[in-house]
Amino acid sequence: MKQLVFFNNKGGVGKTTFIQHLGYALERQGKKILFIDADPQCNLTAYICTDEQIDKFWLSKDSIYNVVQPIIVGTGDIDTKIVPYQVPGRNIWLLPGDVALGEFEQTLADSWINALAGREIGFRATSAIFRYINNWAVANGIDYVLLDIGPNLGALNRAILLGCDYFIIPLVPDLFSLRGLTNMGRTFVRWMNEWGGATSRFESKTFPVQNGRPAFAGYVTAHFNIYRKNPTKAWERWNAEIPSRIKRDVVDQLLKIDKNLVVPLNGGYSIGDMKNYHSLVPLSQDKLKPIFELTSKDGVVGGHVAYVEECNATYTEIAKKVCKKL
Ligand SMILES: Nc1ncnc2c1ncn2[C@@H]1O[C@H](COP(=O)(O)OP(=O)(O)O)[C@@H](O)[C@H]1O
Ligand SMILES: [Mg+2]
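Residues numbered from 1 in each chain as written. Chains lettered and ligands numbered in written order. Predicted model: local features only at pLDDT ≥ 70, side-chain atom pairs only at ≥ 80, totals over all residues. Heavy atoms only, no water.

Close to ligand 1 lie 14 residues, the nearest being G12, V13, T16, T17 and K275. A distance of 2.8 Å separates an oxygen atom of ligand 1 from a polar backbone atom of V13. Within the side chain of Q285, a nitrogen or oxygen atom sits 3.2 Å from an oxygen atom of ligand 1. Contact with the protein chains removes 76% of the 560 Å² of surface that ligand 1 exposes when unbound. For the shell around ligand 1, the secondary-structure elements that each account for two or more residues are α1 (15-28) and α11 (280-287). When residues in the shell around ligand 1 are grouped by element, the largest group, 3 residues, is from α1. Its residues placed into classes, the shell around ligand 1 shows 4 nonpolar, 8 polar and 2 charged. (Near = heavy atom within 4 Å. Polar contact = N/O pair within 3.5 Å; in protein donor to acceptor, adjacent residues only side chain to side chain. Areas by Shrake-Rupley, 256 points an atom, 1.4 Å probe, with all protein chains shown as cover. Helix = DSSP H or I, 4+ residues; strand = E, 2+ residues; numbered from the N terminus. Nonpolar A, V, L, I, M, F, W, Y, C, P; charged D, E, K, R; others polar.)

For the rest of this paragraph, the subject is unusual backbone geometry. A positive phi angle, near 60°, is found at C42, a position not held by glycine. For C42, the location among the structural elements is in the loop between β2 (33-38) and α2 (43-48). Classification of C42 by relative accessible area gives buried; the value is 6%. At K61, a position not held by glycine, the phi torsion is positive, near 60°. One can find K61 in the loop between α3 (51-59) and α4 (64-73). (Buried < 20%, exposed > 50% of the residue type's maximum accessible area, 1.4 Å probe, protein only.)

Okay, structure coming up:
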């Protein structure tokens with residue numbers, strides 16, 4: 001079982017769309033997939049389930065929030081009785097997101113200080129989501145856990161990142177994405193160092209905690225988000241700068257602390273380009289399935305058929321690489 005998290009400081013870069021598609025593409029390669037929606041925006045959940053289903057999860061208390069709720073309110077440890085939702089007929093499960101998950105931020109911020117001091121209470125909360133995933137995914141033979149998180153460097157994302165085996169950066173060629181990389185590289189390295197120090201001071205190991213060594217597996221560039229005001233020249237310039245910025249701000253920073261922290265999926269660090277699939281994206285959101293599973297019954301006709309095929313080829317290739325390398 002491998003855990004993959006996808007991160008960018010900026011929202012709207014096509015991250016959730018990419019994760020949903022990659023998960024389904026990996027399942028088509030014969031893998032068992034568990035999606036974790038740890039973004040309080042819940043976009044991944046809304047891409048897999050109807051609003052009625054989501055409402056049911058919240059009423060029956062089966063979301064990611066309910067897993068950690070006993071820790072937030074101080075009544076106990078994670079609720080391991082919660083079972084992820086299985087997509088009918090598929091080897092795909094989802095731990096549904098929850099708008100209430102934001103409440104866990106403060107608990108985790110306080111726990112971090114306790115963990116750095118080597119106190120067990122800090123480790124219990126910081127490792128909560130990691131322990132739930134580890135427990136359920138291993139017991140149920142999951143091959144890949146794909147985690148969607150919000151676009152910030154907060155305590156929740158820190159706890160999740162440190163529990164993953166790999167991280168992938170979806171980005172768009174613009175000033176903000178590139179500037180974000182500098183910050184991201186520095187912050188991830190600091191978190192790994194701090195966690196390494198904290199775990200070395202943690203004596204009573206009565207439960208597992210994150211290894212804290214997520215390796216960088218590459219980046220994906222989205223080309224659908226070209227701003228109207230942005231002339232093509234500016235876009236080309238940012239696009240051309242991506243490889244050197246990734247190397248300087250992410251790869252080199254990680255290699256300074258550990259040579260195993262970089263796993264190029266694709267020879268280089270670019271995993272692929274997300275094309276502009278135009279109206280097929282809202283159609284796939286509406287049909288709750290990836291673009292490459294849309295058919296004429298879903299309303300795919302004419303020129304869109306070629307886009308569906310292209311999308312299938314793109315994601316099949318990425319999924320095969322993931323299966324081979326990660
Ligand atoms: N490949 C794509 N082609 C066209 N539009 C896209 C594509 N990927 C995402 N979008 C659009 O951009 C919006 C934001 O995408 P999303 O995956 O939710 O980004 P993020 O998770 O980074 O915020 C989507 O609602 C969709 O309309
Ligand atoms: Mg998203």
